[in-house]
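What the coordinates show
For reference, the chains in residue letters:
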2 protein chains.
Amino acid sequence: MQEVDIIITGGKALLLDSKNTRLDNAAIAIKAGDITAVGQTEQIAKQYRAKKTINAKDSLIMPGFVNCHTHAAMTCFRGIADDLELMDWLNNYIFPAEAKNVNKELAYWGTLLATAEMIKSGTTTFCDMYIFEDETARAAKAAGMRCLIGEVLFDFPSPNFKNIEEGLLYTRMLAEKWQNDSLINIIVEPHALYTCSPSLLIKAKKIADDFNAPLGIHLLENKTEQEQLHEKFGKSAVSFLKDIGYLNERLIAFHCVCFSDEDMKLFADHGCKISHNPASNMKLASGVAPVPDMLKAGITVGLGTDGCASNNNLDMIKEMSTAAKLHKVARLDPTVMDAQTVVRMATIEGAKVLGMEKITGSLEVGKKADIIILGLNKPHLTPLYSEYSHLVYAASGADIDTVLINGKVVMENRKLLTIDETDVMQKVREIAVNVKNSLKK
Amino acid sequence: MQEVDIIITGGKALLLDSKNTRLDNAAIAIKAGDITAVGQTEQIAKQYRAKKTINAKDSLIMPGFVNCHTHAAMTCFRGIADDLELMDWLNNYIFPAEAKNVNKELAYWGTLLATAEMIKSGTTTFCDMYIFEDETARAAKAAGMRCLIGEVLFDFPSPNFKNIEEGLLYTRMLAEKWQNDSLINIIVEPHALYTCSPSLLIKAKKIADDFNAPLGIHLLENKTEQEQLHEKFGKSAVSFLKDIGYLNERLIAFHCVCFSDEDMKLFADHGCKISHNPASNMKLASGVAPVPDMLKAGITVGLGTDGCASNNNLDMIKEMSTAAKLHKVARLDPTVMDAQTVVRMATIEGAKVLGMEKITGSLEVGKKADIIILGLNKPHLTPLYSEYSHLVYAASGADIDTVLINGKVVMENRKLLTIDETDVMQKVREIAVNVKNSLKK
C-alpha cells in the first residue's frame, strides 16, 4: 500500500489524454501535487491509501479548464458599459475608467475576484494581460491558481509605467521574481501591432528569449485592424511578424478573427498558437474567427474568455457552448466544432497553447493535479448519454463542486478554501463606487 | 393594515412594465395569486402584513421568464445525438428514438423533468408542442407551472393518433378539458407547412377560432424549407398563410430564420407573433433570424429554447445571452439587441407573444404573481453597475433562488417544493436506458 495525499474516487472521468479515455467508476491518486495514478476505483483502493478521500459519486472528474486569454482585474469594470459602438465604448468608458482608477489595489482585488469566479466555474489555469501584473501574480498565488501573467506593453504611458523602458524593466523584474514559482509563470505581452512600435516589439522579444517565455499579443481582432495594419506595413500583419522573428512555437496570438489562409499557413508552419475568444468577438461585433480552418491547418487553438468588460464573465463552460454553436451557424454546418473538440480546446489544447501541456490540461500520471469535479445529479444534466455533450450544451459553471490545483483543494462542495469571497466582493464594491463616480461628467 | 399571503421584501427590482421601472429596496405584496402592491419596502410594510415574508436582500426581484417555444418531454433525448448533419440527426436518431419510445409515460416524466429544470432557471411560463400533451398538462399542473400546451399535428400518424382526425379530436378534447384551468392554456399546433396539408391547416384553425386559442407553427426554420415551400406554393410561405386566413394576432410562428422584408411587413400588418430560438438555430446550423429588423418592423418577438434535442437545455438566461451576442456579430454592430431589449423579450414581450400579457411577464398590480428572485451576492455578479447587463452577460440559471408562480412558492432557496426531483430524475434515467437500447442496430 502506497501512501498518497488525496484519492478522488467513484466518479466518471474524462481524462483528455491523446486517446480521449473515458472511465466509469474512476479514481485518481495524488501525491505532492502530482497525479500518481489514474484507474478503476477498486484497483486504486488496492494499491493506495490516502489521508483524504474525495467521493465523486454521481460526478464527473476531469482536468480543470485553461483560460488562454483574459484581463482578470477588469472584473472591476464588469457591465459598466455594454451594447455600444467600439470607439464610444473604449474612448468614453473603458479608457477613462482605466486611466482614473487602475492602481495596485484595483489590480490585486480585481484579480482576486476573478480567481474566485474562475475557480467556481472550473478554471484552474489562466493567461493574463493587464497592468500591475505583479499584483495579479500575488492574487493568483493567494488563490492558489496556476497562471501565465504578462504586463501589457505599449508605446504610451500606462498607470504602471511612464515610458516603455520602465514597462520593459517591470516585465524583466516579473520574470526574475517569479521564475521558479510553482504556480506563477511569466509571458511577455506587447499589446498589439497598432499600439507597439517595431522597436518595442523587438525589445519585448529579447526578454521572452532571455527567459524562454512565451510572447502574447492581440492580433487581427477585426476588419479595421486588419486593413490598417496592411496599410501601415504594406503587407499582412502576420508577414510583418515573420519579418521581425515573432513566428515561433512560443507565440500566442489572441483573437485572430480576420485571418487569411496565408496567415494560417504561416502560423501552422511555425507552430504559433491561437487563443479563440468567441463571446468577446460576438459581443464587440468583431467577427467570427475561422477556427475550423485553423484546426484543419494544424494550428493549436485554445479558448479564452477575454476580460469582464467585453464578455462579461470568466466562465469557460459558457465559452465552450458559444464556440461550439457560433461556428455551426456561421458555416451553416452542424458538424463543425463537435463537443469533444471543444472540450479539448478548453483543456489540453489550451495547455498546449500556453506551453504547459507537460504539467496540466489532462489527467495523466506525472502531471500536476489540476482537477475539477462536476456534479451530474441535476435535472438539467439528466439523462446522461454523453459527458462531452453535457459539458458543452447543458452544463453551467455552477455545476462545478470541487477544484484542485497543483494537488491542493481550493474549492470543496462549492466552498472556496483559499479566498474569503465576502471580503473580496466588498473590496471590489468599494472600488466600483469610485469607478462609477469617476465616469460622471 | 391589509392582510396578504406573501410579501417579498428588501430587494432590487426590475418591473419590466412599460417604463422599465427599476426599484431599490423594493417590496411586493401578493394575495390570492395576484400582485396586490409593488413599492418601497417601508411603504409596503406600513400598509400590508403577510402570513409569509420572503427576504430578498442582496437579490433581484423580477418577473419569471416566458419560454415561447419548447418540446418539454424531449428532455428524455438530451444529448443523445449532436453535431450531425440535420437529416442524419433526424432520420437516424431523433425520429427512430421518438417512434420507438414516445408514450404517455415518457411525455409525463420528460415534462416533469423539464419543469424542474425550467423552474430552477427562472422560467414560470412555457409554450409547448409535442405528443400526448394531456400528459404535458398534467405534469405542468403538478409542478405548478403556467403553460400553453398544444398537441403536434401533421398528416402522418403520431404515437398518439392513427390519423389526423384523431389528432384534431384530441386537440379539441384538450381545449375542453383545460379551458378553465388557472395554469394550463391550450394552443393549436400544426407542426409546419411542409408536414401539414391545407386541409389540416384549415381544420386546425377552426379549433383555434372556436376556443379563441392561439395557433402555433414552425415556420421558415432554414433556407431549404424556404425554397421548398416557395416551390410548393408558387409564392412565399407567409403569403400562403395569408391566403388561408392564418395571419392574425393569435398566430405564433416559431423560428422565422429565413424571413424576408415582405414577410415581416405581412406579420407586422396582421399582428402575428414570433418566437426566436437562437441556440437551436445555431446548433442545428439553421441560420440567423433577422430579429433586429423584426423589432424595427414592429413585430412582437419573444425568446424560446426549443427542445432539449436541439439546444440542449431549457435555460432562458443562456438564451438571452445567446440572443444578445448572436445578432451583434451577425451584423458586425455591437449596438443591436441591447441587454434591456433582450430581457424584455424573455419576459413581457414573450407574454405578449403568448397572448398572456394581462396575467404575466411584468410585475404590476393585478397581474398574477409569477416572480423570480435572483441572488446577486456572488463573485460573477460583482460589482453591480447594471442589472440588465448582469442578467444577459454574466448570470446563470443557477443564480435563481426562489420562484413563485400564480402566487405559489414553487422553489425556495433552490429547493423545489412541488417536484421530487430525485424521483423524477430516476424515472427519466430508466426511460433513457430504453431509449439508448432502442437505437442500437
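These numbers come from a predicted model, not from an experiment.

Scanning chain A from terminus to terminus reveals 16 helices and 18 strands. In terms of C-alpha radius of gyration, chain A reaches 21 Å, essentially the compact-globule figure of 22 Å for 441 residues. Here chain A holds 441 residues, and 66% of them are scored as buried. Long-range contacts, defined here as pairs at least 24 residues apart, represent 72% of the contacts in chain A between residues at least 6 apart. When the accessible surface of chain A is split by element, carbon and sulfur atoms take 50% of a total near 14,900 Å².

With that out of the way, let us pick up the packing of helix 5 (residues 164-178) of chain A against helix 6 (residues 198-210) of chain A. The geometry of a pair of packed helices is captured by two quantities: the angle between their axes and the separation between those axes. Residues and elements named next belong to chain A. As a packed pair, helix 5 and helix 6 sit with axes 10 Å apart at the nearest point and diverge in direction by 10°. Relative to helix 6, the element helix 5 is oriented roughly parallel. Here the hand of the crossing between helix 5 and helix 6 comes out right-handed. Together, Ile164, Glu165, Leu168, Thr171 and Arg172 of helix 5 and Leu200, Lys203, Ala204, Lys206, Ile207 and Asp210 of helix 6 make up the contact between the two elements. Within the contact of helix 5 with helix 6, the residues separate by chemical class into five nonpolar, one polar and five charged.

With that settled, the discussion passes to the domain arrangement of chain A. Residues and elements named next belong to chain A. Split by domain assignment, chain A resolves into domain 1 (2-63 + 369-416) and domain 2 (65-353). Computed from C-alpha coordinates alone, the two centres of domain 1 and domain 2 are separated by 29 Å. Contacts between domain 1 and domain 2 engage 27 residues on the former and 30 residues on the latter. At the boundary of domain 1 with domain 2, total buried surface from both sides reaches about 2,200 Å², with 66% on carbon and sulfur atoms. Linking domain 1 with domain 2 are one salt bridge.

Attention shifts here to the sheet that holds strand 14 (residues 300-303) of chain A. Strand-to-strand pairing in sheets goes through backbone hydrogen bonds, with the strands running parallel or antiparallel. All names here are of chain A. The four strands lie next to each other as 11-12-13-14, forming an open sheet whose pairing is parallel. Of all strands in the sheet, those with a lone pairing partner are strand 11 (215-219) and strand 14, marking the two edges. Averaged over all pairs of adjacent strands, the angle between their axes in this sheet comes to 25°, without regard to strand direction. One ladder, built from four bridges, connects strand 13 (residues 273-276) with strand 14; its direction is parallel. In the strand pairing of strand 14, isoleucine 274 is matched with valine 301.

Here the focus is the pairing of strand 17 (residues 408-412) of chain A. All names here are of chain A. Direction of pairing for strand 16 (residues 400-405) relative to strand 17: antiparallel, over a ladder of three bridges. Counterpart to leucine 404 in the pairing with strand 17 is valine 409. Linking strand 16 back to strand 17 in an antiparallel pair, the connection comprises two residues, with asparagine 406 at a positive phi of about 55°. Sheet analysis places strand 17 next to strand 18 (residues 415-416), joined by two bridges and oriented antiparallel. The residue bridging glutamate 412 from the neighbouring strand is lysine 415, located in strand 18.

For the pair chain A and chain B, the relating rotation is 180°, the translation along its axis is 0.0 Å, and the fit reaches an RMSD of 0.0 Å. Put plainly, the chains are arranged around a two-fold axis. Residues of chain A ranked by C-alpha distance from the rotation axis are headed by alanine 398 of chain A, positioned 3.2 Å from it. Interface residue correspondence from chain A to chain B reaches 100%, placing this contact among same-surface, isologous pairings.

Before going further, it helps to spend a moment on the environment of phenylalanine 259 of chain A. Residue and element names in this part refer to chain A. Along the polypeptide, phenylalanine 259 turns up in the loop between strand 12 (251-255) and helix 9 (261-270). Spatially, the C-alpha atom of phenylalanine 259 lies 9.7 Å from that of serine 236, the residues being 23 residues apart in sequence. If near-sequence neighbours (up to four positions away) are discounted, phenylalanine 259 is found in contact with Leu219, Leu220, Val238, Met264, Phe267, Ile274, Pro290 and Met294.

It is worth spelling out the environment of alanine 324 of chain B at this point. All names here are of chain B. Counting through the fold element by element, alanine 324 comes out in helix 12 (residues 316-331). On the accessibility criterion, alanine 324 (0% relative accessible area) is buried. With 69 residues separating them along the chain, alanine 324 and tyrosine 393 place their C-alpha atoms 8.4 Å apart. If we skip the residues at most four places from it in the chain, alanine 324 touches Val336, Met337, Val342, Val392 and Tyr393.

All names here are of chain B. With parallel pairing, the four strands of this open sheet are ordered in space as 11-12-13-14. Lying at the two open borders of the sheet, with one neighbouring strand each, are strand 11 (215-219) and strand 14 (300-303). Going from strand to strand, the sheet's axes swing by 25° on average, the running direction of each strand aside. Direction of pairing for strand 12 (residues 251-255) relative to strand 13 (residues 273-276): parallel, over a ladder of three bridges. Opposite isoleucine 252, over in strand 13, you have lysine 273 as the bridge partner.

Moving on to the pattern of salt bridges. All names here are of chain A. For the coordinates displayed, the defined rule picks out 60 salt bridges over all chains. Here aspartate 370 and arginine 146 are joined by a salt bridge, their closest N and O atoms 2.7 Å apart. Of this pair, aspartate 370 sits in the loop between helix 14 (348-353) and strand 15 (371-375) while arginine 146 is found in strand 8 (residues 146-153), placing the two residues 224 residues apart along the sequence. Taking relative accessible area as the criterion, aspartate 370 reaches 1% and is therefore assigned buried. By relative accessible area, arginine 146 is classed as buried at 1%. A cluster of three or more residues bridged by salt bridges with shared partners is formed by Lys12, Arg22, Asp24 and Glu387.

Further remarks concern the interface of chain A and chain B. Every contact between the two is made by 63 residues of chain A and, on the other side, 63 residues of chain B. Taken together, the connections running from chain A to chain B amount to two salt bridges. Across the salt bridge formed by lysine 328 of chain B and aspartate 83 of chain A, the nearest N and O atoms sit 3.0 Å from each other. Linking chain A with chain B are 28 residue pairs in polar contact (both at pLDDT 80 or more). Among the elements of the structure, helix 3 (104-120), helix 10 (278-283), helix 12 (316-331), helix 15 (387-393) and helix 16 (421-438) of chain A are those that each provide at least two residues to the side of chain A that touches chain B. Per element, the largest residue contribution to the side of chain A that touches chain B is seven residues, and it comes from helix 16 of chain A.

Criteria and thresholds
- Residues numbered from 1 in each chain as written.
- Chains lettered and ligands numbered in written order.
- Predicted model: local features only at pLDDT ≥ 70, side-chain atom pairs only at ≥ 80, totals over all residues.
- Heavy atoms only, no water.
- Helix = DSSP H or I, 4+ residues; strand = E, 2+ residues; numbered from the N terminus.
- Rg over C-alpha atoms; globule rule 2.2 N^0.38 Å.
- Buried < 20%, exposed > 50% of the residue type's maximum accessible area, 1.4 Å probe, protein only.
- Contact = heavy atoms within 4.5 Å.
- Areas by Shrake-Rupley, 256 points an atom, 1.4 Å probe, with all protein chains shown as cover.
- Axes fitted to C-alpha atoms, helices over the stretch in contact; angles between N-to-C directions.
- Parallel < 35°, antiparallel > 145°, perpendicular 65-115°, else oblique.
- Left-handed = near helix turned anticlockwise from the far one by under 90°.
- Nonpolar A, V, L, I, M, F, W, Y, C, P; charged D, E, K, R; others polar.
- Domains from an automatic or database assignment.
- Buried area = accessible area lost by both parts, 1.4 Å probe.
- Salt bridge = Lys/Arg side-chain N within 4 Å of Asp/Glu carboxyl O.
- Pairing = 2+ DSSP bridges.
- Least-squares fit on C-alpha atoms with pLDDT ≥ 70 in both.
- Polar contact = N/O pair within 3.5 Å; in protein donor to acceptor, adjacent residues only side chain to side chain.

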